Amino acid sequence: MHCRPGGGPGVRAARPGSTAVAAEGSERLGFVTLAQFLGQLPALKVLHDGGNGEGRLRWVEPSELDDPTPYLLDGEFLLTAGLPFVGDGGSQDAVDAYVRRLVEARVGALGFGLEPYFDAVPDTVVQACRRQELTLVSIPGNLPFAALGLEFSRLLESDNAKTFRQLADTNRQLMRAVLSARPEHELLAALVQRVPVWAVLVGADGRVRARGPAAPGVDSAALQPLLTRLLAGSGPRVEMDSFDAAGSSLVFGHPLRSTRDANLGALVIGTDAALTPAQNSVVSTAVGLLELLVRQRTSGSLAPSQLATALLLHPESVASGTARHVTGLKDLLAQSISSTRSGQLRVIQGLRLDTAAGSGRTADAPRRTGEGPVRELLEWRRLFDTKLVELTDYGFAAITRLKVDDALLAEVERLGWSLVIGSSTEFAGLAEAYQRASSLRNRVLTSRRSAREDDVTWSVTGLLGAEAGAQLAGRLLAPVLALEPERRDNLLGILRAWLGENGSWDATAKATGLHRNSVRRQIGIITDLLGLDLNQAQARAELWIAFQYLGVLELPGAPAGSAVPAASDVVAPAAGSPAAQTRGRTPAGQTSQER
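Below is a short write-up of the structure.

Considerations on the environment of L47
Next, step 1: With respect to the secondary-structure elements, L47 resides in strand β2 (residues 45-48).
Next, step 2: Take L47: its relative accessible area is 24%, and that puts it in the partly exposed class.
Next, step 3: For the pair formed by L47 and G111, sequence separation is 64 residues and the distance between their alpha carbons is 9.9 Å.

Pasting the structure below:
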């Protein structure tokens, strides 16, 4: 069975009476119990305790239908004034059938309101609830059902605030576990303490790597059917199976994936209880943290600071934004960056260029001979005076207080690397700073030169860079650039003027000194040459950007150093000049106006 990502094991317990193996006395997350609700209303009298006071209470719902169960969700507190038991509905058989339907629908409790139909709860109702173990509560006639609904809403809202506080505390506990000496074992222990599940971590080879406290003694062979589906699939998902041998109704498997979606193992959990959304959120967070741990092990580094670097720069990689709420990362940050240097933080990205191929690719670029990932990691830590470095598919990323002066930049470039050097930022802005630095990687790959964020003009032309812009201009304008110089410059001048006047024929005619019909004809020629639909805003925008780079575009076959005139120089002659008059005539000697 496949579940949507994040759906989690929010299922009904299949075997009442069986308990999940969470640590006793641990505080569960995210629901109001029947006992909590009744404790807020001392005026209510419990006539029979069905033993489910600690069960989740979903809602308080009044109904006078003979059979309300098609409209109920499990865990509801059903309220009735007794109308279903008036007349023939009050017979023992009818009452037994009514209560049986409520039990089968997993109603949390039945609230019987006194007045206007009954002065006391009928004995047939009391006996039926006792026989079928349904909690029965007597409600005084002076207590409106609406008041019960309002009290439940208030209690639920208060519980939500409590749940948020618990989640924040749980996140801190999970992060402390990740930074411990045995992170996988400690993380599973923290998960089991907070969520009523047992947990087992399995490697990519199907062998059990770690167990949470009180996890059942299940070998890999028993898990094999579930693991086969987990490790054979792709993408985030949840696999579900029944697993009676483990003492749980249901078992859920979460794959642990690499950045390229390769399966690195799985987290398997078992439960008999329906998990709340908050508990599912904790499970998802644990999956994300385990995934990061496994990735770091696979890359050859076990250092907690490398994991912390990933959390600081990519908080979205952990479900529910865990890293945004982990205050412990600030302490790790202070310990991981040299205390001898002051100043704000900055993000550095390093790209190793494939100089041999000349293509600017980085993903497959080899490291220096004999250098492994751990040694490379240590070298970057030394150079940038920080422990917060992670190896990535494009090279590396680092968080440092260094300003990265020209001497350090030259040293890194001598090693065959180029850098994106971010601006200074605060702790809370590291993830955003990483995104800004990432937007400059293409510029570095194209220009094959390092870039400083502080030196970049944050516009399309600024981010694109001269080399990439020249390539754009050369490709888009190639048919025009291939013409003889006078014809080329004439068409470029008209096109630039027309783009600058936002496609206005009259304004372009005034700017170029040509008749508007001549402008139309020349633009038509350009349209045919370029093969573009100039009625589309995107085509006009790309051409306008291309014009900004004409000054650095070298012509094929031209003498070294020659280039197309810059955009500001490509203009048509002023009106009345001999050149303008010449360009305004057709090959047959007629003026464009006469034609």
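What to know about a nonpolar patch on the surface
Next, step 1: A cluster of nonpolar side chains, L83, V86 and Y117, forms an exposed patch at the surface whose accessible area comes to about 260 Å².
Next, step 2: Here L83 is to be found in the loop between β4 (76-80) and α2 (92-104).
Next, step 3: A residue is classified by how much of its surface remains accessible, and L83, at 35% relative accessible area, is partly exposed.

With respect to the sheet that holds strand β16 (residues 451-452)
Next, step 1: As summarised here, the arrangement of the five strands in space is β13-β14-β12-β15-β16, forming an open sheet in which the pairing is mixed. Single-partner strands in this sheet number two, and they are β13 (389-391) and β16.
Next, step 2: As paired strands, strand β12 (residues 346-352) and strand β14 (residues 395-400) are joined by six bridges and run antiparallel to one another. Residue pairing for β14: I348 is matched across the bridge by A398.
Next, step 3: Together, β15 (417-421) and β16 form the strand contacts of helix α11 (residues 406-414), whose direction differs from that of β15 by roughly 140°.
Next, step 4: Strand contacts of helix α12 (residues 430-438): β12, β14 and β15, with the helix running at about 35° to β12, the strand carrying the most contacts.

Some points on helix α19 (residues 516-530)
Next, step 1: With 15 residues, α19 should reach 21 Å at 1.5 Å per residue; the first-to-last C-alpha distance of 21 Å fits that figure.
Next, step 2: All of the buried residues along α19 are S518, V519, Q522, I523, I526 and L530. Relative to the axis of α19, the buried residues are bounded by an arc of 130° and lie together on one face.
Next, step 3: Backbone geometry just downstream of α19 places G531 in the positive-phi region, at approximately 70°.

So, how was this worked out
Residues numbered from 1 in each chain as written. Predicted model: local features only at pLDDT ≥ 70, side-chain atom pairs only at ≥ 80, totals over all residues. Heavy atoms only, no water. Helix = DSSP H or I, 4+ residues; strand = E, 2+ residues; numbered from the N terminus. Buried < 20%, exposed > 50% of the residue type's maximum accessible area, 1.4 Å probe, protein only. Patch = residues over 30% accessible without salt bridge, like charges linked within 9 Å, V, L, I, M, F, W, Y side chains within 5 Å. Areas by Shrake-Rupley, 256 points an atom, 1.4 Å probe, with all protein chains shown as cover. Salt bridge = Lys/Arg side-chain N within 4 Å of Asp/Glu carboxyl O. Pairing = 2+ DSSP bridges. Contact = heavy atoms within 4.5 Å. Axes fitted to C-alpha atoms, helices over the stretch in contact; angles between N-to-C directions. Expected span 1.5 Å × (residues − 1). Arc of directions from axis to C-beta.

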